[in-house]
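Chain residues, written in single-letter form:
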Amino acid sequence: MKTAFSRKNLWEKMPDSLKRGVGSVLGAIPSQYLLGGQFRRNLAFIHESDRWSDDRIRDHQFQQLQRVLISAYQNTSYYHATFDSAGFHPNDFREPEDIRRLPTIDKNTVQGHLNEMCAVSPDRGGVDLVSTGGSSGQTLQFYIDAGRSAIEYAYLVAGWMRVGYRLELPQVILRGAIVNENRQGLRHFYDAVLRRHYYSNFHTSEEDIRRYLDHIATVGPCYFHGYPSSAVRLARFLEVHNEGAPANIRGVLCGSENVYPEDRALVEKAFGVRYYSWYGHSEKLVLASECEHTNDYHVHPTYGYFELLDECGDPVTEPGQVGEIVGTGFINTIVPFVRYRTGDHATYVGHGCKACGRRHPIVSGSVEGRFSSEVLVATDGSSISLTTFNVHDDTFENVVGYQFFQSAPGRAELRILPARSLSEGELAHILEGATRRLQGQIDVKIRVVDELQKTKRGKQLRVITELADAVEKGLETGRPELQNR
Ligand SMILES: [Zn+2]
């Protein structure tokens, strides 16, 4: 894969042994300096723009959109043709809403026209080729500036700082990284630049979790950073063993998967700290973060131009209404994404947050809508969203994790990873609870397993499906159930 020569790429490619050596020196230098000048400027800019008025935000968005549209029109044959067809010229662009005169694009557009969408040659320096998987199995490839990470990371850090995170504090990470055993046989690696302790999310047996928690307890004040499912894995372990979390964990930062309210509650109870989440995607068009006071997502207005569109393509303006997240990015100067339909959906809350005062669009719900992984298909073809499967009773009391496997409509295997050996009666109780929640629409069989299947990036899906049309059905019908808050 093509990757540009940059500080981040260089660090990622460095052998672990060398990183350890370099790391011991780097550990003495404040993180904000190691992360570079661009990162520091971005972070200061985000903090400043967080307090901008509506007018100031509109001015900035207009200038950014104008820059993107001019580049798209002048430098790419794809946008030149589609702007002409729409009767749109960037010189006529007067206010942000004018962008609605342009057509939306989606993953298929980028897949089919990538070369015609490049504003500069992807062969030049400073360009990365990015490949995103997604649980639907449909991959997307596109080019993006190698310098994006310093921008994106500043936004993430600015969000985490709302709940007390500081760059000096280490993070303990349970996400998609491949982590080999160290000399003590522990799957742990320390990255001194980002002050991150990585553990393997692909190895989460009882013994593994015990060792991770024991190690975490030794690293001093820190933040846990993981997938929602990995935070739940730890929380369930603590619950089953009737233990508290290591007292040095100051907060839980979780992104990249759906956040279910009952999972948030479970983790906050087990860890005794705030659970903080955000929404983002590899295309780098929209980033939205919770604030100090609420669990609603505040869309960063300087990251990209955000639209929430209903099924007819009209803006969603009524609180409570669900729409698709459509973004025009400010970061990618190689391949402009203009009005890109993300396939993710969110519920509109309003404009501006009363609690924190930020004049940002506010949305809620499981905005990380990888619906294909969250839907079961009944015999009659109807799709059953697992958000309706939310469990508040004792059905999964002695279960560490579960996952459905479906290869035929109307039938599914419920794979469970038990916390301890379960009796026939306990298994029957789980089966009864699951069947009841699926309204008898799915004939469920239970199978006890040693491990749950994860994606290449270590995300744990709730449904593994072999139904070809489940993906499409999920996208078409999975939305309303996402209003789960
Ligand atoms: Zn707020």
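Rules of the game
Residues numbered from 1 in each chain as written. Predicted model: local features only at pLDDT ≥ 70, side-chain atom pairs only at ≥ 80, totals over all residues. Helix = DSSP H or I, 4+ residues; strand = E, 2+ residues; numbered from the N terminus. Buried ≥ 20, exposed ≤ 12 C-beta atoms within 10 Å, placed from the backbone. Contact = placed C-beta atoms within 7 Å. Pairing = 2+ DSSP bridges. Right-handed = clockwise from strand over helix to strand, strands pointing away. Arc of directions from axis to C-beta. pLDDT = per-residue confidence, 0-100. Axes fitted to C-alpha atoms, helices over the stretch in contact; angles between N-to-C directions. Core = buried A, V, L, I, M, F, W, Y, C linked by C-beta atoms within 7 Å. Parallel < 35°, antiparallel > 145°, perpendicular 65-115°, else oblique. Left-handed = near helix turned anticlockwise from the far one by under 90°. Nonpolar A, V, L, I, M, F, W, Y, C, P; charged D, E, K, R; others polar.

Colleague: What exactly am I supposed to notice about the overall build of the protein chain here?
Modeller: Counting secondary structure elements, the protein chain contains 13 helices and 20 strands. The buried share among the 485 residues of the protein chain stands at 40%. Partitioning the intrachain contacts of the protein chain with sequence separation of at least 6 by distance along the chain shows that 68% fall at a separation of at least 24.

Colleague: Any chance you could explain the pairing of strand S6 (residues 222-226) here in plain terms?
Modeller: Remark: a regular strand shows side chains that alternate across the two faces of the sheet. For S6, the buried fraction is high: five of the five residues fall into the buried class. By the alternation rule, side chains of S6 split into Cys222, Phe224 and Gly226 and Tyr223 and His225, which are all buried. Sheet topology places S6 next to strand S7 (residues 249-254); five bridges connect them, and they run parallel. Paired with Tyr223 across the bridge in S7 is Gly251. Taking the sense of rotation as the criterion, the β-α-β connection linking S6, helix H10 (residues 228-240) and S7 turns out right-handed.

Colleague: Just to check I follow, could you spell out helix H9 (residues 206-216) for this structure?
Modeller: Every α-helix winds through 3.6 residues per turn, so residues three or four apart in the chain are directed the same way. For H9, the set of buried residues is Ile209, Tyr212 and Ile216. Across the axial projection of H9, the buried residues extend over an arc of 60°, all falling on one side. Exposed side of H9, more than 90 degrees from the buried face: Glu207 and Asp214 are the residues found there. Packing partners of the buried residues in H9 comprise strand S3 (171-174), strand S5 (196-199), H10 and S7.

Colleague: Explanation requested: the environment of Tyr73 in the structure shown.
Modeller: Tracing the backbone through its elements, the reader meets Tyr73 in helix H5 (residues 54-75). For Tyr73 and Pro336, which are 263 residues apart along the polypeptide, the C-alpha to C-alpha distance reads 9.8 Å.

Colleague: Would you mind going over helix H11 (residues 261-271) with me for this structure?
Modeller: Every buried residue belonging to H11 is among Asp263, Arg264, Val267, Ala270 and Phe271, and all of these are buried. Angularly, the buried residues of H11 cover 140° about the axis, an arc narrow enough to put them on a single face. Buried-residue contacts for H11 involve H10, S7 and strand S8 (275-279). Gly272 sits one or two positions beyond H11 and adopts a positive phi of about 70°.

Colleague: Sorry if this is basic, but what is going on with the confidence of the model for the protein chain here?
Modeller: In the predicted model, the protein chain carries a mean pLDDT of 85, and the fraction of residues at 70 or more is 83%. This model gives residues 367-373 a pLDDT under 50, and the stretch forms 30 contacts once residues within four places in sequence are excluded. Of the regions scoring below 50 in pLDDT, residues 469-485 engages in 45 contacts with residues more than four places distant in sequence or in other chains.

Colleague: So what exactly am I meant to see when it comes to the pairing of strand S12 (residues 322-329) here?
Modeller: Taking burial as the measure, the eight residues of S12 include eight buried ones, the bulk of the element. Relative to S12, strand S11 (residues 304-309) is paired through six bridges, and the arrangement is antiparallel. Each residue of the ladder has a partner; that of Tyr305, found in S12, is Thr328. As defined by bridge partners, S12 adjoins strand S13 (residues 340-351) across five bridges and the pair is classed as antiparallel. If you follow Val322 over to S13, its bridge partner there is Thr347.

Colleague: Quick question: what am I supposed to make of the sheet that holds strand S18 (residues 411-418) here?
Modeller: Think of a sheet as strands paired side by side through backbone hydrogen bonds, with each pair either parallel or antiparallel. Spatially, S19-S18-S17-S20 is the arrangement adopted by the four strands of the open sheet, whose pairing is mixed. Lying at the two open borders of the sheet, with one neighbouring strand each, are strand S19 (443-448) and strand S20 (463-465). When strand polarity is set aside, the average angle formed by the axes of neighbouring strands in this sheet is 25°. Where strand S17 (residues 399-408) meets S20, three bridges bridge the pair, whose relative direction is parallel. Paired with Gln406 across the bridge in S20 is Thr465. Against the sheet, helix H12 (residues 424-437) makes contact with S17, S18 and S19, and its axis sits at roughly 145° relative to S19, the strand it touches most.

Colleague: I would appreciate a short explanation of the nonpolar core in the present structure.
Modeller: Across soluble globular proteins, you tend to see nonpolar side chains buried next to one another. Membership of the largest hydrophobic core comes to 85 residues, with the highest contact counts inside it found for Val252 and Val335. Residue contributions to this core peak at seven residues, all from helix H8 (residues 148-161). Of all hydrophobic cores here, the second largest spans 17 residues; its members include Val377, Tyr402, Val444 and Leu461.

Colleague: I tried to follow the sheet that holds S7 on my own but got confused; where do I start?
Modeller: Taken in spatial order, the 12 strands line up as S4-S5-S3-S6-S7-S8-S9-S10-S14-S13-S12-S11 in an open sheet, and their pairing is mixed. Because the sheet does not close on itself, it has two edges, and the strands there are strand S4 (188-191) and S11.

Colleague: Explain unusual backbone geometry here, please?
Modeller: Peptide bonds are mostly trans, and most non-glycine residues show a negative phi. Despite not being glycine, Arg195 shows a phi value in the positive range, around 50°. Among the structural elements, Arg195 can be located in the loop between S4 and S5.

Colleague: Help me out: how do you make sense of the environment of His197 in this one?
Modeller: With respect to the helices and strands, the residue His197 is situated in strand S5. Accessibility expressed as a C-beta count within 10 Å gives 21 for His197, which makes it buried. Residues in contact with His197, not counting those within four places in the same chain, are Pro170, Val172, Ile173, His188, Tyr190 and Val219.

Colleague: In this structure, what is going on with the environment of Ser407? I would like to understand it.
Modeller: Looking at the element boundaries, Ser407 is found in strand S17. Among the residues examined, Ser407 registers 11 C-beta atoms within 10 Å and is labelled exposed. Separated by 57 residues in the primary sequence, Ser407 and Ile464 place their C-alpha atoms 8.7 Å from one another.

Colleague: Just checking my understanding: could you explain the packing of H10 against H11 for this structure?
Modeller: In helix packing, the relevant descriptors are the interaxial angle and the interaxial distance, both defined with respect to the helix axes. Remark: H10 packs on H11, axes separated minimally by 9 Å, with the N-to-C direction vectors making an angle of 50°. Taken together, the axis directions place H10 and H11 in an arrangement best described as oblique. The way H10 lies across H11 gives a crossing that is left-handed. Where H10 abuts H11, its residues Pro228, Ala231, Val232, Ala235, Leu238 and Glu239 lie against Asp263, Leu266, Val267, Ala270 and Phe271. Here the contact of H10 with H11 is built from residues that sort into nine nonpolar, no polar and two charged.

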